[in-house]
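Coordinate inspection notes
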Amino acid sequence: MRKLRTEETYDVVIVGGGPSGTASARLLAEKGWKVVVLEKEEFPRYKIGESLIPWCWYPMERLGLNEKMEEQDFVVAKHSVQFVGLDGQRSTPFYFFKHTDHPCAKTWQVVRSEFDVLLRDHAVEAGASFYEGTTVRELIREEDQVVGVVAERNGERFEVRGKMTIDASGRDMFSVTRNGWRVPDAKLKKIAIWTYYKGAMRECGLDEGATTVAYLPEKGWFWYIPLSDDMVSVGVVAERDYLYRGERDPDAIFEREVELQPWIKRHLSEGEKTRDCRVTGDYSYRSQHCASDGLLLVGDAFAFLDPVFSSGVFLALQTGVLAADAVHDALAADDVGAERFVEYGDRVCQGIEAMRRLVYAFYDETFSFGTFLKKYPNYRQDMTDCLIGHLEKDYDPMFEAVKEFAEIPDALSHGRPLIVRGVEQV
Ligand SMILES: Cc1cc2nc3c(=O)[nH]c(=O)nc-3n(C[C@H](O)[C@H](O)[C@H](O)COP(=O)(O)OP(=O)(O)OC[C@H]3O[C@@H](n4cnc5c(N)ncnc54)[C@H](O)[C@@H]3O)c2cc1C
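All chains use their own residue numbering, which begins from 1 and follows the written sequence. Selection of residues for local features in this predicted model requires a pLDDT of at least 70, selection of side-chain atom pairs for listing and counting requires 80 or more, and totals for whole chains, interfaces and linings are taken over all residues.

What about the nonpolar core?
One broad trend across soluble globular proteins is that nonpolar side chains are buried collectively. Worth spelling out the cut-off: Note on terminology: a nonpolar core is a set of buried residues of type Ala, Val, Leu, Ile, Met, Phe, Trp, Tyr or Cys, with members joined through C-beta atoms within 7 Å. Any residue with 12 or fewer other C-beta atoms within 10 Å of its own C-beta is exposed, any with 20 or more is buried, and the rest are partly exposed; the C-beta atoms used are placed from the backbone. Secondary structure is summarised from DSSP: a helix means a run of H or I of at least four residues, a strand means a run of E of at least two, and numbering begins at the N terminus for each. For every domain, the bounds stem from an assignment made automatically or drawn from a database. In this description, a residue-residue contact is defined by the distance between C-beta atoms placed from the backbone, which must lie within 7 Å.
Val 12, Ile 14, Val 35, Leu 296 and Val 327 are the most contacted members of the largest nonpolar core, which has 131 residues in total. Here this core gets 13 residues from one element, more than from any other, and that element is helix α9 (residues 312-332). When residues are assigned to domains, this core turns out to be shared by domain 1 (1-74 + 111-188 + 283-426) and domain 2 (190-281), each giving three or more. Setting aside its immediate chain neighbours within four residues, Val 12 contacts Leu 28, Trp 33, Val 35, Gly 162, Met 164, Ile 166 and Val 327.

Below is the structure:
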């Protein structure tokens, strides 16, 4: 088999050029490592995941992106989230600046095809190579250590070797699927059906860029995300049995649910649907392992959580940054053994657990934020911190209190590196 045209070997091979892969690529290239990103699509390519949360500011600051964001015309400033009841009445918007006077209080709604191009260019600017239209097919292993990948481009297969491989392949879960590491989250088995409208109604002033979460029966909900160019991203998330009752066609299901939510119906009535609905299901999982010798998983390639609190891009950027730091240390020490990624795994899993417990509470029939905070106003700060993405905090006391209202799961025990050298397998 041929090697990549350039005949080069790299320090780091990254599978996938979304937010997680490009975050790692930028930081590792900045540090002088030779980095290549292999991306199967040609950019700009479509992606869901348009609403950012305030804590994105931190990884984006580390990447040097916050100032660049101000100059983009594909962004809409997001200052708040609002909730709409079954009766169509909206609550007072929750303004981030009332919680913190930090610049993170302003975040963004983004068109992902363009946001991801910005991230790609940012990584390339730092010296990373980025090959589009290049699908990674296999991991190359030598004595159980991953030493690169086999990729395919224009029907030709070739090897791309690197001291370290980062899997940032998103929900394709490239190495998770090949290793049989996928562990679904048994309780979070939702379906999402979504589409786009042009010219739909928007709120005014500060609320124009708000994300709206509008409730449906049986803990289903709509997202309503205003985008640039007068577009709105709108989708429904609920249990499979609820959505597929008596109807199979996604567009018909979507329209039926719109009729049930007066706020969504009113807001969409002025707009025009621009494309057929897309569907995705069973989307919460975590890999059995976050790393093995020579391999590290980031973003959705490691774990995915129900999108109700818009945590996906934040977790992708944050794991990309943490991975870059861990990989830099490993390369500098000339040791890419899985045990070097224990701390990475612990930090990432701890953050995901905070958000996961909140997602479980949200879907519990007996839980409501209002009732909880009425009884425990002292947890308002913690609850808000968790919602905006400040995940590296101890939320155990708050979730002990939440347990009075909702079933809160224990932390999952999996997600640590696969350590085989000398020590028992974790
Ligand atoms: C219904 C829904 C709604 C969502 N809403 C939000 C939201 O509002 N806010 C939010 O923050 N997040 C949201 N998300 C989550 C968000 O989409 C993801 O968390 C985020 O895109 C993850 O980034 P990533 O870099 O890990 O993966 P991705 O963005 O998926 O990037 C992975 C890249 O890898 C490439 N790739 C895959 N396999 C290969 C291969 N074999 N070879 C080469 N390249 C490959 C893909 O083409 C892709 O470009 C939502 C998700 C869903 C399903």
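On we go from here.
Description of the pairing of strand β13 (residues 190-198)
Using the following cut-off: Whether two strands pair depends on DSSP finding at least two bridges between them.
Across the 9 residues that make up β13, a large majority, 7, are buried. In terms of strand pairing, β13 meets strand β16 (residues 231-239) through 9 bridges, oriented antiparallel. Across the sheet, the residue bridging to Ile 191 is Ala 238, located in β16. With 4 bridges connecting them, β13 and strand β18 (residues 278-281) associate as antiparallel partners. The residue of β18 that forms the bridge with Ala 192 is Thr 280. Two strands pair when backbone bridges link them, and β13 and strand β17 (residues 272-273) are joined in this way by 2 bridges, in the antiparallel orientation. Following the sheet pairing, Tyr 197 is matched in β17 by Lys 273.

Observations regarding the packing of helix α1 (residues 19-30) against α9
As a reminder of what qualifies: Between the N-to-C directions of two axes lies an angle of 0 to 180 degrees, each axis being a line fitted to C-alpha atoms and, for a helix, fitted only over the stretch in contact. Crossings are assigned a handedness: left-handed for a near helix turned anticlockwise from the far helix by less than a right angle, right-handed for a clockwise turn.
α9 packs onto α1 with a crossing angle of 35 degrees between their chain directions and a minimal axis gap of 7 Å. Judged by the twist between their axes, the crossing of α1 over α9 is right-handed. Contacts from Pro 19, Ser 20, Gly 21, Ala 23, Ser 24, Leu 27 and Leu 28 in α1 reach Val 313, Ala 316, Leu 317, Thr 319, Gly 320, Val 321, Ala 323, Ala 324, Val 327 and His 328 in α9.

What about helix α8 (residues 262-269)?
We apply this condition: Arc, as used here, means the arc of the directions from the helix axis to the C-beta atoms.
Inspection of α8 places Trp 263, Ile 264, His 267 and Leu 268 among the buried residues, and these make up the whole buried set. One side of α8 holds all its buried residues, which, seen down the axis, span an arc of 120 degrees. Exposed residues on α8 whose side chains face more than 90 degrees from its buried face are Arg 266 and Ser 269.

So, the domain arrangement of the protein chain
We apply this condition: For this scheme, ten residues count as nonpolar: Ala, Val, Leu, Ile, Met, Phe, Trp, Tyr, Cys and Pro. Four count as charged, namely Asp, Glu, Lys and Arg, and the remainder, Gly too, count as polar.
According to the domain assignment, the protein chain contains domain 1 (1-74 + 111-188 + 283-426) and domain 2 (190-281). Inter-centroid distance (C-alpha atoms) of domain 1 to domain 2 is 27 Å. Considered class by class, the residues forming the side of domain 1 that touches domain 2 number 7 nonpolar, 2 polar and 4 charged.

A closer look at the sheet that holds strand β19 (residues 285-287)
Here 3 strands make up an open sheet; going across it, the order is β12-β19-β22 and the pairing antiparallel. Here the strands that pair on one side only, and so sit at the sheet edges, are β12 (182-184) and β22 (303-304).

Section: the packing of α9 against helix α10 (residues 342-363)
Note the following rule: For this classification, under 35 degrees means roughly parallel, over 145 means roughly antiparallel, 65 to 115 means roughly perpendicular, and everything else is oblique.
α10 packs onto α9 with a crossing angle of 165 degrees between their chain directions and a minimal axis gap of 10 Å. Overall, the two elements α9 and α10 adopt an arrangement that is roughly antiparallel. Seen from above, α9 lies across α10 with right-handed handedness. The segment α9 lies against α10, with Leu 315, Thr 319, Leu 322, Ala 323 and Ala 326 engaging Tyr 344, Arg 347, Val 348 and Ile 352. Residues of the contact of α9 with α10, tallied by class, amount to 7 nonpolar, 1 polar and 1 charged.

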